[in-house]
Amino acid sequence: MIGILTFHRAVNYGAVLQTYGLQKTLDDLEITSEVIDYRSSVIENPYKSFTIRSLKTFEFYNRFLKQSRFKSFIKNRINMTEPLWNRDQLGKVEDDYSAIITGSDQVWCKKCAKEEKTYFLDFVKSPSKKKSYAASIGNADISGELKKEYGKLLEGYDQISFREESACGLLADELQGKEVQVNIDPTLLLNSEKWDKVRNKNVEKSPYILVYTVLGQYNLFDEAHKLAEKTGLPIIYLNDEIHGREKGVIYRSAVSPEQFVGYFAEAKYVLTNSFHGTAFSIIYKKQFLVEIEAKGRRNIRSEELLMKLGLSNRFLTSSSWKHIDNAIDWNGVEEKLDLERKKSKEYLKKICF
C-alpha cells in the first residue's frame, strides 16, 4: 500500500484534481494507494465559510455550496484514510505503507504551507519510504538560509521529483548526490478520455470564451473583451466574487470540480493565468492564451509547461488575441506529452515497487 500526502482538502480545483490524477494513475498501474487524510489547519482554515464579511451576504452561500461540492468530490472519488487531526496521529501511520509520496501541488511552497513541515514527511523515520512526485516550491525565491533549510528538509528523501525545472536549479547544490527528476503534474497524466469520465457534462454547450484566473490579472480581461467583440461569443468567468463584477460577463460561482473540467471541455476559447487552467486547456486541445505576467509574481509554472510542450506562442500579449485561431500542432504536443507521461509512470513504478 502506498500513502499519498498532499493538499487534497484545499477548496482549490488544482489541488483536488491533481490528487485524483495521481491516485487514478497509480490505480491504472495496479498500485494500491490511499490519501492520508491529514487535516491541516494551515491548508483548510483559509477556505472556511464563516467569516465576518460573509455572514450577511450571498458570499456565505457561495462558499458553503462550493465547500459542499468539493467534499462530495473527495468523498466519492478519492480513496482516503480516516481523518487524522494532529501530527501525533501521523506518526503512527508509517508502518501501514511501503512508501509515502508527497506531491504534487505546491506542497513545498513556504507561502502555502507556512511553517507546516509535515509535507516534507518529517514524521517518517525510514528514509527508504520518503518519496515525492512532481512536488512544487511554487514561485519561491530561495536563497541563503532558506536554501539550507530546504536542503536539510529534503536530505532524508529516498527519491525526489519536482514539477518545475527551476526548482532543480535553485536547489542543485543542496541536493548533490541525490537522484532528482522533473515530472509532469498529475492532471496531465490523464488524457481527455479519462477526464471525460469525471467531468460534468451539464454545463453550457453553446460556444463561449472561458476566463479563469487565480492571480491578479493585468490585461487578460481586456483581451477577452476584444476577442468577444471579434467573435460575438459570450465570456464565461469562473469566479466566486460578488463585488466589482465586469459588465457583459457571465459569472459562474461555486463550481464543482466536475463542472470545472466540464467548462474547459466545452469552451471554444480559454484565457487564463492559472497553471491548472493551462493544463486543462492543453488536455482538451483548446485555442487558448496564458497570461504569464501576473500582479505580484510571474507565472513560472505555466511558463515552463508551455515551453516544455512547444507552446510558447500561447503567451498572452496585447495582440495575441488576434491570432488565437492560429493552428496548434497538437500531434507534436501529444508526442511530447506522451514522452513525459511515460517517463513519469516509469518513475512512479520505480518508487512504488
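Position numbers for residues count from 1 along each chain, tracking the sequence in the order it is written. Only residues with pLDDT of at least 70 are given local features in this predicted model, and only at 80 or more are side-chain atom pairs given and counted; all residues enter the totals for whole chains, interfaces and linings. To get the side-chain values, take all heavy atoms of the structure and skip hydrogens and water.

Within the protein chain, the secondary structure is distributed over 13 helices and 13 strands. In terms of overall size, the protein chain behaves like a compact globule, its C-alpha atoms giving a radius of gyration of 20 Å where 353 residues would be expected to give roughly 20 Å. Reported as C-alpha extents along the three principal axes, the dimensions of the protein chain are approximately 60 × 50 × 40 Å. Expressed as a percentage of its 353 residues, the buried residues of the protein chain come to 56%. Every helix listed is a DSSP run of H or I at least four residues long, and every strand listed is a run of E at least two residues long, numbered separately from the N terminus. For the radius of gyration, the atoms used are the C-alpha atoms, and the globule rule reads 2.2 Å times the number of residues raised to 0.38. Only protein chains enter the accessibility calculation, which uses a 1.4 Å probe; a residue whose area is less than 20% of its type maximum is buried, one above 50% is exposed, and one in between is partly exposed.

The subject of this paragraph is the packing of aromatic side chains. Note on aromatic pairs: each is described by the distance of the centres and the angle between the planes. Any two rings among Phe, Tyr and Trp, with Trp reduced to its six-membered ring, count as a pair given centres within 6.5 Å; such a pair is stacked if its planes are under 30 degrees apart, edge-to-face if over 60, and tilted if neither. In the structure shown here, the tally under the stated rule is 21 aromatic pairs. Taking the centre distance of 5.5 Å and the plane angle of 50° together, the rings of Y20 and W195 count as tilted. Residue Y20 is located in helix α1 (residues 13-28), and its partner W195 is located in helix α8 (residues 192-196); the two are separated by 175 residues in the primary sequence. Here Y20 and W195 have matching classes, each one buried. On the numbers, 5.6 Å between centres and 5° between planes, the contact of W108 with F120 is stacked.

What follows deals with the sheet that holds strand β9 (residues 249-252). Pairing between the strands of a sheet is mediated by backbone hydrogen bonds and can be parallel or antiparallel. With parallel pairing, 5 strands are arranged side by side in an open sheet as β9-β8-β7-β10-β11. Of all the strands in the sheet, the pair left with one neighbour each is β9 and β11 (287-290). Across the sheet, the mean angle separating the axes of adjacent strands is 20° when strand polarity is ignored. With 4 bridges joining them, strand β10 (residues 269-272) and β11 adopt parallel strand pairing. Looking across to β11, one finds that L271 is bridged to L289. Whether two strands pair comes down to DSSP finding at least two bridges between them. The axes used here are C-alpha line fits, helices contributing only the stretch in contact, and every angle between their N-to-C directions lies in the interval 0 to 180 degrees.

Quick look at the pattern of salt bridges now. One side-chain nitrogen of Lys or Arg within 4 Å of one carboxyl oxygen of Asp or Glu is enough to make a salt bridge. Enumeration over the complete set of coordinates arrives at 22 salt bridges. For the salt bridge of R9 with D37, the shortest nitrogen-to-oxygen distance reads 3.0 Å. Highlighted residues: R9 in the loop between β1 (2-5) and α1 and D37 in the loop between β2 (33-35) and α2 (41-44), separated in sequence by 28 residues. For D37, a relative accessible area of 1% puts it in the buried group. Between D338 and R341 there is a salt bridge; the shortest N-O distance is 3.4 Å.

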